[in-house]
Amino acid sequence: MTDFAANRQQVLSQIENICQKCKISDNKVTLLAVSKTQSAAVIRSMYAAGQRFFAENYLQEALSKQADLTDLAIEWHFIGQIQRNKTRDLASNFAWVHCVDRLMIAQRLSQHLAEQVEKGADDQPRLNICIQVNIDREDSKAGCLPEALAELVEHISVLPHLSLRGIMVIPELKHQDAFLRAQVLFESVRVQHRTPHDWDTLSMGMSADFADAIAAGSTMVRVGTALFGARTNLEKRID
Ligand SMILES: *Cc1c(COP(=O)(O)O)cnc(C)c1O
């Protein structure tokens with residue numbers, strides 16, 4: 001087995017264990033491989049190990065790797081900060097966008113997809129989106145404040161060509177109760193909003209804390225380091 005395959009097996013069995021412990025069916029939890037700073041060749045190896053869902057943070061970096069990997073059936077997720085002038089590229093190159101935190105961004109994504117449909121792209125799949133919530137109200141973090149979520153859901157859920165799947169959070173380090181608060185918020189939307197039936201995704205948990213996140217109800221964990229090893233190359237924005 002390659003290192004990547006072994007790492008992936010280990011993460012998957014940790015997910016399975018925590019699911020068993022918490023009596024969650026483990027097909028409820030999706031493992032996203034966070035491949036920022038990793039080369040296309042590395043992604044290809046992880047794909048060969050069975051991984052299909054990959055997440056990227058930086059648009060230009062992602063686009064150049066995607067161009068090298070068009071022969072693979074990868075489902076691409078965008079988990080970085082969204083710049084408003086980049087929404088067109090996001091809409092056409094990703095299956096999921098996790099960090100929508102303003103109505104205007106969702107409107108632009110929806111509009112770009114409408115244009116693609118007009119141009120004759122038939123059976124245009126919907127773009128899956130999550131609303132990022134700044135669950136710990138940190139100045140340094142993106143995301144809407146928890147109390148703003150309900151109104152955003154109301155407006156975004158009616159936009160065409162988008163499938164509003166749930167929320168995404170990045171809690172403060174070692175702030176485990178944030179996972180529980182996020183879960184309560186996620187469920188409260190379901191109850192209050194006759195939400196779209198596709199409201200099924202609570203995106204939370206990274207290498208250091210995905211087990212706690214799953215125990216609190218995460219349905220999608222975003223794991224980089226535990227799969228690929230520490231990111232040695234300096235992370236820098238290139239878009
Ligand atoms: C980098 C990143 C991750 C993965 O972090 P690891 O600690 O390497 O698992 C998850 N989510 C977001 C939003 C990230 O930027």
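For the structure, check the block above.
Note that residues are indexed from 1 along each chain, following the sequence as it is written. Only residues with pLDDT of 70 or above have their local features reported here, since the model is predicted, and side-chain atom pairs are shown and tallied only from 80 upward, although totals for entire chains, interfaces and linings are computed over all residues. Calculation of side-chain values draws on the structure's entire complement of heavy atoms; hydrogens and water are dropped beforehand.

### What to know about the environment of Glu 56
Think of it this way: any DSSP run of H or I at least four residues long counts as a helix, any run of E at least two long counts as a strand, and we number them from the N terminus. By secondary structure assignment, the location of Glu 56 is in strand β2 (residues 53-56). As for Glu 56 and Trp 76, which are separated by 20 residues in sequence, their C-alpha atoms are 7.6 Å apart. Dropping the residues within four chain positions of it, Glu 56 is found in contact with Ser 35, Lys 36, Ile 43, Glu 61, Ala 62, Lys 65, Trp 76, His 77, Phe 78, Ile 79 and Gly 80. Each polar contact in these results corresponds to two N or O atoms within 3.5 Å; when the atoms are within protein, one needs to be able to donate a hydrogen and the other to accept it, and residues that are neighboring in sequence are counted only if both atoms are side-chain atoms. For Glu 56, the side chain forms a polar contact with the side chain of Ser 35, separated by 2.6 Å. In what follows, residue pairs with any heavy atoms lying within 4.5 Å of each other are defined as contacts.

### A short note on the site of the ligand
Near residues are defined by distance, with any heavy atom within 4 Å of the molecule or strand qualifying the residue. Near the ligand there are 13 residues, and of these Lys 36, Asn 57, Ser 207, Gly 224 and Thr 225 occur at the shortest range. A distance of 2.6 Å separates an oxygen atom of the ligand from a polar side-chain atom of Thr 225. Note that accessible areas follow from Shrake-Rupley with a 1.4 Å probe, and for residues the cover is restricted to the protein chains shown. Contact with the protein chains hides 88% of the accessible area of the ligand, taken as 390 Å² for the molecule alone.

### Observations regarding unusual backbone geometry
Even without being glycine, Lys 23 reaches a positive phi, approximately 55 degrees. With respect to the helices, strands and loops of the structure, Lys 23 is situated in the loop between α1 (3-22) and β1 (30-34). Here Lys 23 falls in the exposed class, since its relative accessible area comes to 77%. The backbone of His 161 sits at a positive phi, close to 75 degrees, despite the residue not being glycine. Structurally, His 161 is set in the loop between α6 (149-156) and β6 (162-168). Burial classification: accessible surface area is computed with a 1.4 Å probe over protein chains only, and a residue below 20% of its type maximum counts as buried, one above 50% as exposed, and the rest as partly exposed.

### Here we look at the pairing of strand β3 (residues 75-78)
Bridge count between β2 and β3: 4 bridges; the pairing is parallel. Paired with Phe 54 across the two strands is Trp 76, which belongs to β3. Should DSSP find at least two bridges between two strands, the strands are taken to pair. Bridge count for β3 against strand β4 (residues 96-100) is 2 bridges, and the pairing is parallel. Bridge pairing in β4 places Phe 78 opposite Val 97.

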